[in-house]
Amino acid sequence: MTGSDQPSVLVVAIGNSDRGDDGFGPSVASKLRGEALSGVRILERSGDVLALIEDWSSSPSVIIVDAMTSITKPGRVHRLDLTHSPLPIGFSPRSSHAFGIAETVELARSLGRLPKFLAAYLVEGECFKTGAPLSPVVAGAVEEVAERLVVELSTMLKEKGKRGHA
């Protein structure tokens, strides 16, 4: 892709569909693929989150979608702007790796490799057992987040279009 062909927004859906609510990110990605979102690239990641730094190197705007351990109520959705602030303590998504999203974002920040815009949609999960399906409350949040993302992405792309024609 040339610079003008690059998608202006990258949505990174993180998770493993074979681990209960950890499949939230891939489920949202599946919903988004059914939408006509020109200028948006949807990427699924289930392993090495350090690879995110390279993934988002060519995208000025990135939105991460993931599940996290419940801190208030399973199924609750949080949208966080990470461009200028770290992930709050307690909001770090589940990770079986030494580096999770919070550590990766802060490493990228310290290296000057954050995208210009970085946000996260995190859902509080209920069950992360191998072989389990999404819990009903998290399954319900998939549609909510997909709809919110379509609105946010459409707005972002319209704003980019206005700046491009100014």
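Above this note sits the structure.
What counts, and at which threshold
Residues numbered from 1 in each chain as written. Predicted model: local features only at pLDDT ≥ 70, side-chain atom pairs only at ≥ 80, totals over all residues. Heavy atoms only, no water. Salt bridge = Lys/Arg side-chain N within 4 Å of Asp/Glu carboxyl O. Helix = DSSP H or I, 4+ residues; strand = E, 2+ residues; numbered from the N terminus. Buried < 20%, exposed > 50% of the residue type's maximum accessible area, 1.4 Å probe, protein only. Pairing = 2+ DSSP bridges. Axes fitted to C-alpha atoms, helices over the stretch in contact; angles between N-to-C directions. Core = buried A, V, L, I, M, F, W, Y, C linked by side-chain atoms within 4.5 Å. Contact = heavy atoms within 4.5 Å.

Draft legend 1. Broad picture of the pattern of salt bridges. For the coordinates displayed, the defined rule picks out seven salt bridges. Residues Glu54 and Arg113 are paired through a salt bridge, measuring 3.3 Å at the closest nitrogen-oxygen approach. One end of the pair, Glu54, is in helix 2 (residues 52-55); the other, Arg113, is in the loop between helix 3 (101-111) and strand 5 (117-125), with 59 residues separating them in the sequence. Relative accessible area serves as the criterion here: at 53%, Glu54 is assigned to the exposed category.

Draft legend 2. Region of the structure containing the environment of Met156. Residue position: Met156 is located in helix 4 (residues 136-165). Classification of Met156 by relative accessible area gives buried; the value is 18%. Taking the C-alpha atoms as reference, Met156 lies 8.3 Å from Val9; in sequence the two are 147 residues apart.

Draft legend 3. Up close: the sheet that holds strand 2 (residues 40-45). An order of 2-1-3-5-4 is seen for the five strands of this open sheet, with the pairing classed as mixed. Both outer strands of the open sheet, strand 2 and strand 4 (77-81), are each paired with one neighbouring strand and no more. Each strand axis lies, on average, 20 degrees off the axis of its neighbour in the sheet, ignoring direction. Sheet topology note: the strand 3 (residues 61-69)/strand 5 ladder contains nine bridges and is parallel. Directly across from Thr69, in strand 5, lies its bridge partner Gly125.

Draft legend 4. Here's a closer look at the nonpolar core. Among the nonpolar cores identified, the biggest contains 28 residues, and Phe24, Leu32, Leu149 and Leu153 are the most heavily contacted of them. When residues of this core are assigned to their parent elements, the largest contribution, nine residues, is made by helix 4. When residues no more than four places from it in sequence are discounted, the contact partners of Leu153 are Val9, Val11, Leu37, Val40 and Ile63. Formed by 21 residues, the second largest nonpolar core is a distinct cluster that contains Ile14, Met68, Ile101 and Val105.

Limitation: the analysis is restricted to geometry and does not speak to function.
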